[in-house]
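Coordinates in review
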Amino acid sequence: MLLLAAALLTFSMHSAGVVEASVLPTAAPTVVVSGTVRTDDTVAGEHGRAFLDDLARLTPAQLDAADRDRRVVATAMDTPPTAAEVATWWAGLDSAVQAQLERSAPVVVGNLDGVPYGVRDRANRAVLAAGLAADPGDASERAMLGQVRDALHRDPGDPPKSLVTLDTRGAGRAAIAIGDLATAADVSVVVPGMFFTVTGQMPDFTATSGALYDEQATLAPVAAPGHGTGVAVLAWMGYRTPDLSNILSLDLAKTGAQRLERTVDGIRRLREGDQPRIGIVAHSYGSTTAMMALASGRMRADSLTVLGSPGSEVRSASQLAVAADQMFVGQAHLDPIAGSGYFGTDPAAASFGATVLDLSEPAPGTAGDLFRRPVGHNDYLKPGTASLHDVALIALGRGDLVRGGTHRSGGHDDGGVQPSFDLYLVRPQDLQLRD
């Protein structure tokens, strides 16, 4: 059997009935022929489908073993087949095979972009339930799973939630969709910044994304009537965010950008012929990550809103695969990160070409408006703020309605604090986006 993958599976049955899984990890695609391994870059487009086909041929016992093998899981989560490969493969499987894969390999199936979101939700919830029901083991992992469980809680009348990513390795990764990703006309992907972890902030981050969902759902009938069948917001903690030990590096942003590219590609592949409007809403270090993804040539978005951005290596909005005039920048009063240009060009600079949202307080003696202005680095998506209102309008394709948006130079308004490196040394609780 020819096995082509960045990490390849070979399975054998012992006479005692125990399955043994071996994986051959390598930086480049490999071909295994008659026990000989050779590097061959020409098979880069083929290894993913071979990996998938081999999974579909495994027995339930072999699938169970593969789903518990860290090397197999790493292949599925870190160097997976493309969403196009996965979608074609899954659609071509017999329903009984699909059901067996979902039951016996939920860790793998639940995290493959291109598998339908209903299947991924069931698979990931099964992993979540099994982990919470297991005998006490890794306390940190159980704490992480508890936070995911809490984030999935719904009160009566709340929109549906689905667990589309669950990775318990290390600091963990998770993504929870609010609304229906399979049918929504407008899909927003919210990307968090530094210090956000599944264990520390997943319920708060999901609630923040829920506030954006509520604002969009309220505005949609008026701002975008007849546009389609509802909205969905993806609370995407799909990458490891930096802490004080690695905030000086862009390595996590590079890895996060690749994961974000795969996530958006998965949404688009499952919506062939019925493409939603996809908006990226990125906060702090997440904005650096999102701009990196949109400058890669492998991802496009209908809008991009960056909030409290420390900048990026991208020098102009024209370098981003975003619809014309659909990049927006939010800089709150007293936000020491926004406008710092710490990681490169400030997207609010006039030369960048984005639309800078007017988040300043109304002038004395004027009527003002209904929304309060955000203050500091953690205020942008709180209910009742002008920034949340603007972000919701942008995601609905109505950026033309945002308050006073202009192409202008960035920087803090009068009274703002000039950023210094000391101001990056903030506590995780200072960066939580709470109500």
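Here we come to the overall build of the protein. Across its full length, the protein carries 12 helices and 11 strands. Residues classed as buried in the protein amount to 53% of the 435 residues present. Long-range contacts, defined here as pairs at least 24 residues apart, represent 70% of the contacts in the protein between residues at least 6 apart. If you sum the accessible surface of the protein, you get close to 18000 Å²; carbon and sulfur atoms cover 53% of it.

Moving on, we come to unusual backbone geometry. Despite not being glycine, Ser284 shows a phi value in the positive range, around 55°. Topologically, Ser284 is positioned in the loop between strand E8 (277–283) and helix H11 (285–294). Residue Ser284 is classed as buried on the basis of its relative accessible area, which comes to 2%. Non-glycine residue Asp325 carries a positive phi angle of around 60°. Among the secondary structure elements, Asp325 is positioned in the loop between strand E9 (303–307) and strand E10 (327–330).

With their axes 9 Å apart at the nearest point, helix H9 (residues 198–223) and helix H12 (residues 386–395) run at an angle of 60° to one another. With respect to H12, the axis of H9 lies oblique. Here H9 and H12 pass one another in a crossing that is right-handed. For the pair formed by H9 and H12, the contact residues are Ala211, Leu212, Glu215, Gln216, Leu219 and Ala223 on the first element and Leu388, His389, Val391, Ala392, Leu393 and Ala395 on the second. Along the lines of polarity and charge, the residues of the contact of H9 with H12 split into nine nonpolar, two polar and one charged.

Turning our attention to the packing of helix H8 (residues 139–151) against H9. At a closest axis distance of 8 Å, the pairing of H8 and H9 adopts a crossing angle of 0°. Here H8 is positioned roughly parallel relative to H9, judged by the angle of their axes. In this structure, H8 uses Ser140, Ala143, Met144, Gln147, Val148, Asp150 and Ala151 to contact H9, whose residues at the interface are Val198, Thr199, Met202, Pro203 and Thr206. Counted by class, the contact of H8 with H9 contains seven nonpolar, four polar and one charged residues.

Our next topic: the nonpolar core. Here is a general trend for soluble globular proteins: nonpolar side chains tend to be buried in one another's company. Within the largest apolar cluster, 48 residues are counted, with the highest numbers of intra-cluster contacts made by Leu260, Ile280, Tyr285, Leu304, Leu320 and Met327. Sequence-distant contacts of Met327, that is, excluding residues within four places in its chain, are made with Met291, Leu304, Val306, Ala317, Leu320, Val322, Pro347, Phe352, Ala354 and Thr355. If you look at the next biggest cluster of nonpolar residues, it comprises 44 residues, including Leu163, Ala211, Ala392 and Leu393.

Another point: the side chain of His377. The topology assignment puts His377 in the loop between strand E11 (355–356) and H12. Of note is the side chain of His377, whose polar atom sits 3.0 Å from the side chain of Ser284. Side chain to side chain, His377 and Asp335 meet in a polar contact 2.9 Å long.

With respect to burial, H11 is a largely interior element, 10 of its 10 residues being buried. Along H11, the positions that sit buried rather than exposed are Tyr285, Gly286, Ser287, Thr288, Thr289, Ala290, Met291, Met292, Ala293 and Leu294. Residues of H11 that are buried sit in contact with strand E6 (186–191), helix H10 (251–269), E8, E9 and E10.

Summing up the model confidence of the protein, the mean pLDDT is 83 and the portion of residues at 70 or higher is 80%. Note that residues 1–44 has pLDDT below 50 and, in this model, 91 contacts with residues that lie over four places away or in other chains. Every residue in residues 408–435 is under pLDDT 50, and counting partners more than four places away or in other chains gives 70 contacts.

The next subject is the environment of Leu359. With respect to the secondary-structure elements, Leu359 resides in the loop between E11 and H12. The sequence separation of Leu359 and Gln331 amounts to 28 residues, and the corresponding C-alpha distance is 7.0 Å.

Turning next to the environment of Val148. Here Val148 is to be found in helix H8. By relative accessible area, which is 0% here, Val148 ends up buried. Measuring from C-alpha to C-alpha, the distance between Val148 and Pro203 comes to 7.0 Å, with 55 residues separating the pair along the chain. In contact with Val148, other than residues within four places in its own chain, are Leu128, Leu163, Leu166, Ala174, Ile176 and Val198.

Applying the stated criterion across every chain yields a total of 21 salt bridges. In this structure, the salt-bridge partner of Asp53 is Arg49, at a minimum N-O distance of 3.0 Å. Highlighted residues: Asp53 and Arg49, both in helix H1 (residues 47–57), separated by four residues, approximately one helical turn. What makes Arg49 partly exposed here is its relative accessible area of 32%. When the shortest N-O distance is used, the salt bridge between Arg259 and Asp78 registers 2.7 Å. One end of the pair, Arg259, is in helix H10; the other, Asp78, is in helix H3 (residues 70–78), and 181 residues separate them in sequence. A relative accessible area of 12% means that Arg259 is categorised as buried.

To continue, consider the side chain of Gln326. Relative to the helices and strands, Gln326 resides in the loop between E9 and E10. Here Gln326 is in contact with Asp302, Ser303 and Leu304, once residues within four sequence places are set aside.

For H10, spanning 19 residues, the distance from its first C-alpha to its last is 27 Å, which sits close to the expected 27 Å at 1.5 Å a residue. Taken residue by residue, H10 has Leu252, Ala253, Gly256, Ala257, Arg259, Leu260, Glu261, Thr263, Val264, Gly266, Ile267 and Arg268 as its buried positions.

Taken in spatial order, the eight strands make up an open sheet running E4-E5-E7-E6-E8-E9-E10-E11, and their pairing is mixed. Looking at which strands have only one partner, the edges of the open sheet turn out to be strand E4 (161–167) and E11. Relative to E4, H8 is tilted by about 165°, and along the sheet it contacts E4 and strand E5 (173–178).

Conventions used here
Residue positions are counted from 1 within each chain, in the order its sequence is given. Confidence filtering applies because this is a predicted model: local features only for residues at pLDDT of at least 70, side-chain atom pairs given and counted only at 80 or more, and all residues used for totals across whole chains, interfaces and linings. For the side-chain quantities, the full set of heavy atoms in the structure was used; hydrogens and water were omitted. For helices the rule is a DSSP run of H or I covering at least 4 residues; for strands it is a run of E covering at least 2, with both sets numbered from the N terminus onward. Each residue gets one of three labels from its accessible area relative to the maximum for its type: buried under 20%, exposed over 50%, partly exposed in between, using a 1.4 Å probe on protein chains only. Any two residues having at least one pair of non-hydrogen atoms within 4.5 Å are treated as being in contact. Each accessible area is a Shrake-Rupley result for a 1.4 Å probe, and residues are judged covered by the shown protein chains and nothing else. To define axes, lines are fitted to C-alpha atoms, for helices over the stretch in contact only, and angles between the resulting N-to-C directions are given on a 0 to 180 degree scale. We call two directions roughly parallel when the angle between them is under 35 degrees, roughly antiparallel when it is over 145, roughly perpendicular when it lies between 65 and 115, and oblique otherwise. Handedness of a crossing follows from how the near helix is turned relative to the far one, being left-handed for an anticlockwise turn of less than a right angle and right-handed for a clockwise one. Residue polarity follows a fixed list, in which Ala, Val, Leu, Ile, Met, Phe, Trp, Tyr, Cys and Pro are nonpolar, Asp, Glu, Lys and Arg are charged, and the others, Gly among them, are polar. Only buried residues count toward a nonpolar core, which is a set of Ala, Val, Leu, Ile, Met, Phe, Trp, Tyr and Cys residues joined through side-chain atoms within 4.5 Å. Side-chain atoms alone can form a polar contact between residues adjacent in sequence; in general such a contact is a pair of N or O atoms within 3.5 Å, and within protein one must be able to donate a hydrogen while the other accepts it. Each residue gets a pLDDT score, which is the predictor's confidence in that residue and runs from 0 to 100. What counts as a salt bridge is simple: a side-chain nitrogen of Lys or Arg found within 4 Å of a carboxyl oxygen of Asp or Glu. Given the number of residues in a helix, its expected span is that number minus one, multiplied by 1.5 Å. Pairing between strands is defined by DSSP: at least two bridges between them are needed.

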